Amino acid sequence: MTRAEELARRFYEAFDTDNPDLLDETLAPDWTPQPPVPGNPGGPEGQKQTLRMLHSVFEDLRYTVEDVVVSGDTAAVRARLSGRQTGEFLGVPPTGRHIEMMTMEMHHIAADRITTTWHVEDFFGALQQMTGPAAA
């Protein structure tokens, strides 16, 4: 396993295990999400806010890494967030429904830390699961 893959996997482990200290180990002090995330000022502290928010919204939150592809100083990751929605998310009041949301990120690594993360989340799919007809 390359160092880039190890750093990327540790990043998701922080969310999966609700261990924000792992973000201090993986993210550069000036880490930046692209596009910027409203309310997330960047750096490890900004991402810790996101971690806390997700764990407050989704009971039994899991973040599973599906694939990691490394090219040079970049790790591309396909991952799956899952959990039962027990808090407001994307303007939707708690539904108690279990959802799964795919994410795709590219993490740039320099000086043994993730410096930038380009991210795409399937918010539309999450909204459909929260607001659509209940599963039979």
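Within each chain, residue numbers correspond to sequence positions counted from 1 in written order. Totals for whole chains, interfaces and linings use all residues, but because this is a predicted model, local features are given only for residues with pLDDT of at least 70 and pairs of side-chain atoms are given and counted only at 80 or more. Hydrogens and waters are ignored; side-chain quantities use all the structure's heavy atoms.

**Notes on the pairing of strand S2 (residues 58-71)**
Phase 1: The rule for pairing is simple: two strands pair if DSSP sees at least two bridges between them. In this text, helices come from DSSP runs of H or I with a minimum length of four residues, and strands from runs of E with a minimum of two, each type numbered from the N-terminal end. Where S2 and strand S3 (residues 74-85) come together, 11 bridges link them in antiparallel fashion. Considered in S3, the bridge of Val65 is made with Ala79.
Phase 2: Linking S2 back to S3 in an antiparallel pair, the connection comprises 2 residues, with Gly72 at a positive phi of about 60°.

**Digging into the packing of helix H1 (residues 3-16) against helix H3 (residues 43-57)**
Phase 1: With their axes 9 Å apart at the nearest point, H1 and H3 run at an angle of 40° to one another. In terms of axis orientation, H1 runs oblique to H3. On H3, the residues that touch Phe11, Ala14 and Phe15 of H1 are Gln47, Thr50, Leu51, Leu54 and His55. Axis definition: a line fitted to C-alpha atoms, limited for helices to the stretch in contact. Angles are taken between N-to-C directions and run from 0 to 180 degrees. For classification purposes, an angle smaller than 35 degrees is called roughly parallel, one larger than 145 roughly antiparallel, one from 65 to 115 roughly perpendicular, and anything else oblique. Contacts are assigned to residue pairs that have any heavy atoms within 4.5 Å of one another.

**Quick notes on the environment of Val37**
Phase 1: Position of Val37 among the secondary structure elements: in the loop between strand S1 (27-34) and H3.
Phase 2: When its relative accessible area of 28% is taken as the criterion, Val37 is described as partly exposed.
Phase 3: Separated by 38 residues in the primary sequence, Val37 and Ala75 have C-alpha atoms spaced 20 Å apart. A simple rule labels every residue: compare its accessible area, found with a 1.4 Å probe on the protein chains alone, to the largest value its type can have, and call it buried under 20%, exposed over 50%, or partly exposed in between.

**Quick word on the layout of surface pockets**
Phase 1: Within this model, the largest pocket holds a volume of roughly 510 Å³.
Phase 2: A cavity here means a set of points on a 1 Å grid, drawn over the protein atoms and nothing else, where a 1.4 Å probe fits but cannot get out; a pocket is an open set with protein on both sides within 12 Å along at least five of seven lines, and a residue lines either one if it has an atom within 4 Å of a point. Forming the boundary of the largest pocket are 24 residues, of which Val37, Thr50, Met53, Glu121 and Phe123 lie nearest the centre.
Phase 3: Within the residue set of the lining of the largest pocket, elements represented by two or more residues are H1, S1, H3, strand S4 (98-110) and strand S5 (113-121).
Phase 4: Under the convention adopted here, Pro, Cys and the residues Ala, Val, Leu, Ile, Met, Phe, Trp and Tyr are nonpolar, Asp, Glu, Lys and Arg are charged, and Gly plus all remaining residues are polar. A per-class count over the lining of the largest pocket returns 14 nonpolar, 8 polar and 2 charged. Grid points are joined across faces, edges and corners, and a volume is the space filled by probe spheres set on the points.

Read these as layout, nothing more, since geometry by itself doesn't imply function.
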